[in-house]
Amino acid sequence: MASSFWRYSHLILALLSSVFLFIAAATGIILSAEPVIQQAQSPAEKAALDTLTLSDLIPKLKNEYIEVFSVEVEKEGAVKVDVIGFDEETDGAFYIHPATAKKSAEIEPKSDFFEWVTALHRSLFMHNSGRIIMGITVFLLLLMATSGIALVIKSTNGLKHIFTRLKKHNEAQYFHTVLGRWSFIPIMVMAFGGTIMFLDTQGLLEKEVPSSSVKESNNKNIFEDILLSEVVTLNFPFSSDETDFFELELHDKNLKIHQYTNSVVSDTPKSNTEQLVNLSETLHTGRGQFIWAIILGLISINLIYFMYSGTKIAWNRISSKTRNKFGAEDAEIIILVGSENGSTKKFALQLFKALISKGNTVFVDEMNAYQAYPKAKHLLVLTSTYGDGEAPFKARKFLDKVNEISQPNTLSTYVIGFGSMSYPQFCQYAIDVHEALANNRQFDLFAPPFLIDKQSFTSFKLAIDEWAKQHKISIDLPNEEDHPSQEKSNFEIVRKEIVDDGYSTTFTLSLKPLNHNKFQAGDLLAIAPPEEEHVRYYSMGKTHDGNILLSIKKHDLGKCSTYLFKQELGDKIRGIIKINKSFHLPKNNDVILIANGTGIAPFLGMNSMYTNQKKTFYLGGRTKDGFKLYHHLIQENSSKEQFNTLHFAISKEESECKYVQDLIRKHKHEVLEHLKNKGSIMICGSLKMRDGVLEELKQCVSNSNLKIENLIEKGKIKMDCY
Amino acid sequence: MKRLSILGLFVVLTISLTSFVNKVNSGGGDYKCLIQLKNYQGEGAYVVISLIDNEGEYVKTLRVLGDDREWYPDLPAWNTFREKNRFQPRLDGITGASIGSGERSVVSFTLEEQYIDKGYTLRFETSVEDKKYHKEDVVIDLSKDNLSKGKYEGEKGYIRMIRLIPV
């Protein structure tokens, strides 16, 4: 069955049961403490139960008390009697020591608080109508767990992979799934128990009447064979009349026993239904099984978290739905979205708004709704990839429809893929779509598909801005994270160096923070040129005297780089420091740092951190001159007795290695050893370089049991590329 | 010496015999009581055993089988008495668990001699969650004759049988 079926049933079940499930889970957390407390307070003497038989106990009881009505062995292991005693103190119901039959403890009255919570949990104080509501709720939970696990199986591509590492892209979704996998079985067991208990209270379980067999009197004293641990209750004969028997309930049968010969008179096995109900009660309440009760408490907490995270996931999906202002027939720009959980749709929505606000006619739809677009000129396809390189659910029909439907105009098309590099099939579906469209004359492909890792908005903006520039489409795509609330800090330019290698102009700026800002190499500096709201992010290095080091390539048309290029010593600029933990230098083990072009910036500063760590640099640039900028920084560091190793690749001059990827190929044994020894790799620079490097790294580890995807997932390979 | 001991034995016998006879004759004293329920469909039954005077009014509550106060309003006649009667000691000491369908329970209580043969009755009042309430499931006349029967069948309610014997 399709995952949308499971997803919608999961959501609808959750909505139907939400309020009651919340009450049940919240009270369930409290009630799970009860068996634990009972266990702790119970005067149980479990060891004695496994050694003493009824024939040890009965004569002692008869000696100790005037009259014995019943003996009960509780699930916790305490022995309770109901007797008439010789004095007030030993009269009524109380606990005894099984070995001596003497009174050991009073029966504590039931806690009003737990009684109250139990009534709320079981019936919402509404008696049977409440029981029905809660019974249905627990049954819905059973269905919800089923649809939930079906979703997990669907998205992990089958049962075999159910416990594969999950990729973390959205916190709510990640923990919803992780906790869902672990708590599935206990939830099923608990919900099943609850459902059976409910059916039982409603009399909906078929009760077959077990046949009792009449035993021939064989004068065997059955009490000698029965350990106290097997006993549930023993009712003593009501009178000395021979037709009054001992009534003994064991876990699996009921016996009638002759009161003078102690031999079994009749034997009635418990029906399957009865045993099922007993078991269900233990499974649902944890009574007598305090470890299970703790698990029940944990899954109740889990259920509350599921409600929170589930709401968040559903909200994300719903809020990323959009309303078109123009119809499919009128729009010039068509955005098609293939999204599995709505996150890709968010990008489409922002893009849509940014285009609409500049007066473009735009139409957004999901890929499955592909149709003829009479006035369209541009087509943007934004798609994620599902499972093992498959189309997301809402894009499955897309390629078939492309073949069936003919477009009036040739569409200038751009495919943008969203995915996670920690999947082996990174953006595979976007690549497939691109190829299919490239082979179709109705589409004019703008560029190779642009693949975005971990929903990086910066990359997305880069791609869209480039596309808009090429097609002269005006667009105003805002930066994802403008922090209007965050105060800007002042920075003074204390050093500026420019290098022109004949191909482009690169420059470095050292900025002295005038406010007290904490930062480390790898963090980002957000700067907006004057009179502009939208910031650009720059990776920061740190000089040995604690200043910020920026390395910037000057673009002739780039407003911000031009603005920064104009700054001279002593000038002041304003910006916001953004902590970027995912690109901080790892504290432990050795590190390989790979960069090209201005990507070296965050590494300057890292090289003087954690002095016991071996650092190897693979740096790429166009010319040897290009490295001049960083030379003194590298020098400074090596003069401090640090043995940082440096390797260079020069692309535009005679050199053994042209690109950093060549350096990696050359040193592949060292790189593999490094990874095996739990070393980290940090990559900063262009996306193209990143892809080349990752390709080489894959080659490096191809004969080992390491996987690049796992290393990325574990943060052993860190990337900050643009 | 021998005579003395025989005399002693005789005295003891006489005393015990007279006390036994007294007990049987008067009908008062400690009783144990077995309540056997029928097999019905539903939750455990709440059973209240009360002493009723010749006017049909509650004198006192002897036993409450069912320990969750949430359900006491389901026994309206007795519950009115319970709420009115602030002088009666707390019910804690005479309260036990409810009795499940088809199960039995044995309790003990004292019937003072003053209530015997005076038109007083023992009332067994029962209720099951969301089922019919029986104000007089079983009623036992506290007459010497009736008490000597020791066995009383229930008819319309949840109780199959009551047995009552002196301890």
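Cut-offs and rules
Residues numbered from 1 in each chain as written. Chains lettered and ligands numbered in written order. Predicted model: local features only at pLDDT ≥ 70, side-chain atom pairs only at ≥ 80, totals over all residues. Helix = DSSP H or I, 4+ residues; strand = E, 2+ residues; numbered from the N terminus. Buried ≥ 20, exposed ≤ 12 C-beta atoms within 10 Å, placed from the backbone. Contact = placed C-beta atoms within 7 Å. Core = buried A, V, L, I, M, F, W, Y, C linked by C-beta atoms within 7 Å. Domains from an automatic or database assignment. Axes fitted to C-alpha atoms, helices over the stretch in contact; angles between N-to-C directions. Parallel < 35°, antiparallel > 145°, perpendicular 65-115°, else oblique. Nonpolar A, V, L, I, M, F, W, Y, C, P; charged D, E, K, R; others polar. Pairing = 2+ DSSP bridges. UniProt positions renumbered as here; feature names shortened; annotations may be inferred. Left-handed = near helix turned anticlockwise from the far one by under 90°. Expected span 1.5 Å × (residues − 1).

As recorded in an unreviewed UniProt entry, chain B goes by the name DUF2271 domain-containing protein, listed as coming from Brumimicrobium aurantiacum.

As recorded in an unreviewed UniProt entry, chain A goes by the name NADPH--hemoprotein reductase, listed as coming from Brumimicrobium aurantiacum.

## Focus: the overall build of chain B
Check the secondary structure of chain B and you find three helices and nine strands. In sequence order, chain B lays out its α and β elements as α-β-β-β-α-β-β-β-β-α-β-β. Burial status across chain B gives 28% buried among its 167 residues. Across chain B, every contact between residues at least 6 apart in sequence was considered, and the portion connecting residues at least 24 apart equals 68%.

## A few points about the nonpolar core
With 104 residues, the main nonpolar core has I335, I416, L550, I594 and V660 of chain A as its most contacted residues. Shared between two domains, this core holds at least three residues of each, these being domain 3 (320–471) and domain 4 (489–721) of chain A. Excluding anything up to four places from it in sequence, I335 of chain A contacts A348, L351, F352, V362, V364, L380 and L382 of chain A. Listed in part, the 53 residues of the second largest apolar core include A44 and L57 of chain A together with L75 and Y158 of chain B.

## Considering the packing of helix α17 (residues 668–676) of chain A against helix α18 (residues 687–701) of chain A
All names here are of chain A. Where α17 contacts α18, the two axes come as close as 9 Å, and the packing angle between them is 75°. As summarised for this structure, α17 and α18 are arranged roughly perpendicular, according to the angle between their axes. The residues of α18 that touch α17, namely those facing K668, V671, L672 and L675, are Q699, C700 and V701. Class assignment for the residues of the contact of α17 with α18 results in five nonpolar, one polar and one charged.

## Observations regarding the interface of chain B and chain A
Across the contact, 18 residues belong to chain B and 18 residues belong to chain A. If you tally residues by element for the side of chain B that touches chain A, the top one is strand β5 (residues 104–111) of chain B, at three residues. The residue makeup of the side of chain B that touches chain A, split by class, is four nonpolar, four polar and ten charged.

## Comments concerning the sheet that holds strand β4 (residues 103–105) of chain A
Residue and element names in this part refer to chain A. With antiparallel pairing, nine strands are arranged side by side in an open sheet as β4-β3-β2-β1-β6-β7-β8-β9-β5. The sheet terminates laterally at β4 and β5 (213–214), the two strands that pair on one side only. Here four bridges tie strand β6 (residues 231–235) to strand β7 (residues 245–250), and the two strands are oriented antiparallel to one another. Residue pairing in the sheet places L234 in a bridge with L248 of β7.

## Focus on the UniProt feature "transmembrane region" (unreviewed entry) in chain A
Residues and elements named next belong to chain A. Here the UniProt-annotated "transmembrane region" (unreviewed entry) positions come out as residues 132–153, 174–199 and 290–308. Its end C-alpha atoms 32 Å apart, residues 132–153 is made of 100% helix and 0% strand. Helix makes up 100% of residues 174–199 and strand 0%. Its end C-alpha atoms lie 35 Å apart.

## Things to note about the environment of S539 of chain A
When you line up the elements, S539 of chain A lands in strand β19 (residues 536–539). Along the sequence, S539 of chain A and D523 of chain A sit 16 residues apart, while their C-alpha atoms lie 5.9 Å from each other.

## Points about the packing of helix α6 (residues 127–155) of chain A against helix α7 (residues 171–201) of chain A
Residue and element names in this part refer to chain A. Packing of α6 against α7 leaves a shortest axis separation of 8 Å and a crossing angle of 150°. The orientation of α6 relative to α7 falls into the category roughly antiparallel. As for how α6 packs across α7, the hand of that crossing is left-handed. In this structure, α6 contributes R131, G135, V138, F139, L141, L142, A145, G148, I149 and V152 to the contact, and α7 contributes T177, G180, R181, F184, I187, M188, A191, F192, G194, T195, F198 and T201. The residue makeup of the contact of α6 with α7, split by class, is 13 nonpolar, seven polar and two charged.

## Things to note about unusual backbone geometry
Glycine aside, the phi torsion of most residues is negative, and most peptide linkages are trans. Residues and elements named next belong to chain A. Its identity is not glycine, yet L124 carries a phi of approximately 55°, on the positive side. Tracing the backbone shows L124 in the loop between α5 (112–123) and α6. For L124, a count of 18 C-beta atoms within 10 Å gives the class partly exposed. One non-glycine residue, N589, lies in positive phi territory at about 65°. Locating N589 in the fold gives a position in the loop between β22 (572–578) and β23 (591–596). On the basis of neighbour counts, which here come to 14 C-beta atoms within 10 Å, the residue N589 falls in the partly exposed class.

## Topic: the environment of A45 of chain B
On the secondary structure map, A45 of chain B appears in strand β2 (residues 45–52). Contacts of A45 of chain B, omitting those with residues within four sequence positions, involve L37, S98, I99, T126, S127, V128 and Y158 of chain B.

## A word on helix α10 (residues 343–356) of chain A
Residues and elements named next belong to chain A. Relative to the 20 Å expected for 14 residues at 1.5 Å per residue, α10 spans 20 Å between its end C-alpha atoms, a close match to the ideal helical length. Turning to α10, its buried residues number three or more, namely T344, K345, K346, F347, A348, L351, F352 and L355. Among the structural elements, β10 (333–338), β11 (362–366), β12 (378–384), β13 (411–419) and α13 (457–471) are those in contact with the buried residues of α10.

## Section: the environment of F443 of chain A
Residues and elements named next belong to chain A. Inspection of the secondary structure assignment puts F443 in strand β14 (residues 443–445). Once the C-alpha coordinates of F443 and Q407 are considered, the two residues, 36 residues apart in sequence, prove to be 9.0 Å apart. Setting aside its immediate chain neighbours within four residues, F443 contacts L411, T413 and L437.

## Quick notes on the sheet that holds strand β6 (residues 121–128) of chain B
All names here are of chain B. The strand order β4-β3-β2-β6-β7 describes an open sheet built from five strands, whose pairing is mixed. Only two strands of the sheet have a single neighbouring strand rather than two, namely β4 (95–96) and β7 (133–141). With six bridges connecting them, β2 and strand β3 (residues 58–65) associate as antiparallel partners. Within β3, the position partnered with I49 by the bridge is R63.

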